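Geometric and topological summary
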Amino acid sequence: MQADLERVLIPRDAIARRVRELAEEIAATYGTDAAGLVMVPVLSGSLIFVADLMRCLPFKMRIAVLTVSSYRGATTSGGEARLVADLNTDIAGRHVLIVDDILDTGRTLRVVRQRLAALKPASLRICVLLRKPGKAPSDVQADFAGFDIEDAFVVGYGLDYNDQYRNWPEIGVLRPELYQ
Ligand code: XMP
């Protein structure tokens, strides 16, 4: 797997450190509202991130998963995003935190946010591990973001290319010849 990466962008220990900091930011922001929080990870990309993040949060919470499929070319994000599996939990009146791997063009999170807003949560915030600055429109912004990264196609720590590399523990840039 390592041979398929052009370079490591974010090493394992830096991810772990930042995830712990994000958890502190989230806990401080919610304060007493944290009790009863519902985290909504957007599958599959946020699998590993949410697993690490939730174990750093020191309060009771629920998880309600959502699956979105984005129709994009091999590494070109930003195709049509479509909900393929809806929530299994009632979020009306609850504080909800959407968790995703990356905010790129914002199309995916726009669809997710619209769907969840229609279910009348008490509040709706977005947490992403990665963000490509300047790409998402101003109406789709993250409340919590782990790292701002360059506009390169990245894999690892949950992020895939053709459903592979999710289990790579670091975040790296894929060798262009593998997808061009
Ligand atoms: P958008 O463009 O809708 O992208 O904000 C969100 C979804 O697209 C995938 N995505 C990526 N996956 N490396 C990946 O492995 C990337 O650089 C990348 N950019 C976008 C991802 O599933 C994300 O949730």
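The coordinates are above.
Model, not experiment: these values are computed from the prediction.

Digging into the pairing of strand β2 (residues 37-43)
Within β2, six of the seven residues are buried, leaving the element largely enclosed by the surrounding structure. With three bridges connecting them, β2 and strand β3 (residues 61-63) associate as parallel partners. Opposite Leu 37, over in β3, you have Met 61 as the bridge partner. For the crossover from β2 across helix α2 (residues 47-54) to β3, the handedness is right-handed. Two strands pair when backbone bridges link them, and β2 and strand β6 (residues 95-103) are joined in this way by four bridges, in the parallel orientation. Counted as the bridge partner of Pro 41 is Val 99 from β6.

Side note on the site of the ligand
In the neighbourhood of the ligand, 17 residues make up the surrounding shell, with Asp 101, Thr 105, Gly 106, Thr 108 and Val 154 lying closest. Within the side chain of Asp 104, an N or O atom sits 2.8 Å from a nitrogen atom of the ligand. A distance of 3.4 Å is found between an oxygen atom of the ligand and a backbone nitrogen or oxygen belonging to Arg 107. Relative to its unbound accessible area of 500 Å², the ligand is 95% covered by the protein chains. Counting only elements with at least two residues in the shell around the ligand, the list comes to β6 and α3 (107-117). Considering every element that reaches the shell around the ligand, the biggest residue donor is β6, with three residues.

Overview of the pattern of salt bridges
Should their charged atoms come close, side chains of opposite charge can pair. Enumeration over the complete set of coordinates arrives at 14 salt bridges. The salt bridge involving Lys 132 is made with Asp 104; its shortest N-O contact spans 3.1 Å. Of this pair, Lys 132 sits in the loop between β7 (123-131) and β8 (144-148) while Asp 104 sits in the loop between β6 and α3, and the two are 28 residues apart along the sequence. For Asp 104, the salt bridge is made with Lys 135, and the minimal N-O distance between the two is 2.7 Å. Here the residue Asp 104 occupies a position in the loop between β6 and α3, and Lys 135 occupies one in the loop between β7 and β8, the gap between them amounting to 31 residues. Given a relative accessible area of 9%, Asp 104 falls into the buried group. Among the charged side chains, a network of salt bridges with common partners joins Asp 104, Lys 132, Lys 135 and Asp 151.

Quick notes on the rules
- Residues numbered from 1 in each chain as written.
- Predicted model: local features only at pLDDT ≥ 70, side-chain atom pairs only at ≥ 80, totals over all residues.
- Heavy atoms only, no water.
- Buried < 20%, exposed > 50% of the residue type's maximum accessible area, 1.4 Å probe, protein only.
- Helix = DSSP H or I, 4+ residues; strand = E, 2+ residues; numbered from the N terminus.
- Pairing = 2+ DSSP bridges.
- Right-handed = clockwise from strand over helix to strand, strands pointing away.
- Near = heavy atom within 4 Å.
- Polar contact = N/O pair within 3.5 Å; in protein donor to acceptor, adjacent residues only side chain to side chain.
- Areas by Shrake-Rupley, 256 points an atom, 1.4 Å probe, with all protein chains shown as cover.
- Salt bridge = Lys/Arg side-chain N within 4 Å of Asp/Glu carboxyl O.

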